[in-house]
Amino acid sequence: MEEQHRIKLFVCSDNVLVWNAEDVSFLRDEMRVVGNQIGCLPRFPRQNSFLGLPLLLMPEEVSLLLNKGVADLEKGDNPLETPTQQQIEEYHQLCDESYKEQVELFREERKREIEQNLPKIIDGKKEKRRKEIEEKKKAGEEVDESELDKEITIDVDSIPIPSLPRNHALVQLFTESPWKGEKSGGDMASWNFPSTEKEKIRCRVFQDLWEKGNFLTSGAKFGGDFLVYPGDPGKFHSHYVAICMEHQKNLTPLDLVAMGRLGSNVKKTVVLCSLDQEDHLQYTSLQWTGIT
């Protein structure tokens, strides 16, 4: 039987992060957990339109993964241990192998560029030969006119291609320790969410809507707790803004109007989510309608 994929979650200053790219892909494709990427891209660090690892998870997402038994929660703010001599040697070996692979790729790429520009190179050599013959004529030297018609052939494999300088080689930046394996014995972290009535409602609502096949993200920018998507947020717009509250909470007409207009302005349906006295989830939708 195939072993279930385990996600490593790291608690850093009360934030839960995912550092492994394969884990991030598994979360989105298999678990419908989106999270929020907060890291800068190595090649484009001076912008925040496109972000990368690590992936920041909402507390509700963490609780869902722990309840489903697909994740392990570890302390991520501990300093890395001093590498052993064997690990240092392995690291240098990895760097050497990476450099050798890049040298071969560099030479192959240079050969492809030469082959693509071969007609221009030949034309350039012909033009250079023509100028040399003209200069000899001007100097009164005897020249062989047939030299202009001789075919120029170039053997690409015989062209010397310099090696890639070591300081120009790409360096791999690890987002997690390559020696911290599955059985590294990392310090396990405790998880106390949910601890309040509000958090309990949010957690129950999140898991229930997730189990109905939806994708959920934070709804803070839209005045709610969650945005509910029928599919991957990269392909679909959200249909609902979920707002979690206590079942017995008194709402004024102004509160209802504000939430109704909120949903109308962003073209979404506002859903009030709560737990009744029997601990059952209750959903109430609000829609702003005009007078005809």
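Residues numbered from 1 in each chain as written. Predicted model: local features only at pLDDT ≥ 70, side-chain atom pairs only at ≥ 80, totals over all residues. Heavy atoms only, no water.

*Asks:* Go over the nonpolar core, please, and point to the residues and values.
*Replies:* The biggest cluster of nonpolar side chains holds 33 residues, and the ones touching the most others in it are Leu9, Leu27, Val33, Leu57, Leu65, Val205 and Phe226. No other element matches helix H5 (residues 197-211), which puts five residues into this core. Not counting residues within four places of it along the chain, the set of residues in contact with Val33 comprises Leu27, Arg28, Leu57, Glu61, Leu64, Leu65 and Trp210. Judged by nonpolar contacts, the second largest core, of eleven residues, contains Phe215, Leu227, Ile243 and Met245. (Core = buried A, V, L, I, M, F, W, Y, C linked by side-chain atoms within 4.5 Å. Buried < 20%, exposed > 50% of the residue type's maximum accessible area, 1.4 Å probe, protein only. Helix = DSSP H or I, 4+ residues; strand = E, 2+ residues; numbered from the N terminus. Contact = heavy atoms within 4.5 Å.)

*Asks:* Now, about unusual backbone geometry: what can you tell me, with residues and values included?
*Replies:* Leu53 connects to Pro54 through a cis peptide bond whose omega is 5°. Topologically, Pro54 is positioned in strand S4 (residues 52-57). Pro194 follows Phe193 through a cis peptide bond whose omega is 0°. Relative to the elements of secondary structure, Pro194 occurs in the loop between helix H4 (118-138) and H5. Within the chain, Ser13 stands out as a residue other than glycine whose phi angle is a positive 50°. The backbone phi angle of Asp279 is positive, close to 65°, even though this residue is not glycine. With respect to the element layout, Asp279 can be found in the loop between strand S9 (269-275) and strand S10 (281-286).

*Asks:* So, the sheet that holds strand S6 (residues 215-218): which residues are in play, and what are the values?
*Replies:* Backbone hydrogen bonds hold the strands of a sheet together, and the pairing may be parallel or antiparallel. Pairing is mixed across the open sheet formed by five strands, whose spatial order is S6-S7-S8-S9-S10. Here the strands that pair on one side only, and so sit at the sheet edges, are S6 and S10. Averaged over neighbouring strand pairs, the angle between their axes works out to 30° when direction is ignored. Of the strand pairs in this sheet, S6 and strand S7 (residues 226-229) are connected by four bridges, and their pairing is antiparallel. Across the sheet, residue Phe215 finds its bridge partner in S7, namely Tyr229. Across the face of the sheet, helix H6 (residues 253-265) comes into contact with strand S8 (240-244), S9 and S10 while running at roughly 130° to S9. (Pairing = 2+ DSSP bridges. Axes fitted to C-alpha atoms, helices over the stretch in contact; angles between N-to-C directions.)

*Asks:* Got a sec to walk through the pairing of strand S2 (residues 15-18)? Specific residues and values, please.
*Replies:* Of the pairings in the sheet, the one linking strand S1 (residues 7-12) to S2 comprises three bridges and is antiparallel in character. Bridging across to S2, Cys12 finds its partner in Asn15. Count of turn residues in the S1/S2 antiparallel hairpin: two residues, of which Ser13 carries a positive phi of about 50°. With three bridges joining them, S2 and S4 adopt antiparallel strand pairing. Note that in S4 the partner of Val16 across the bridge is Leu57.

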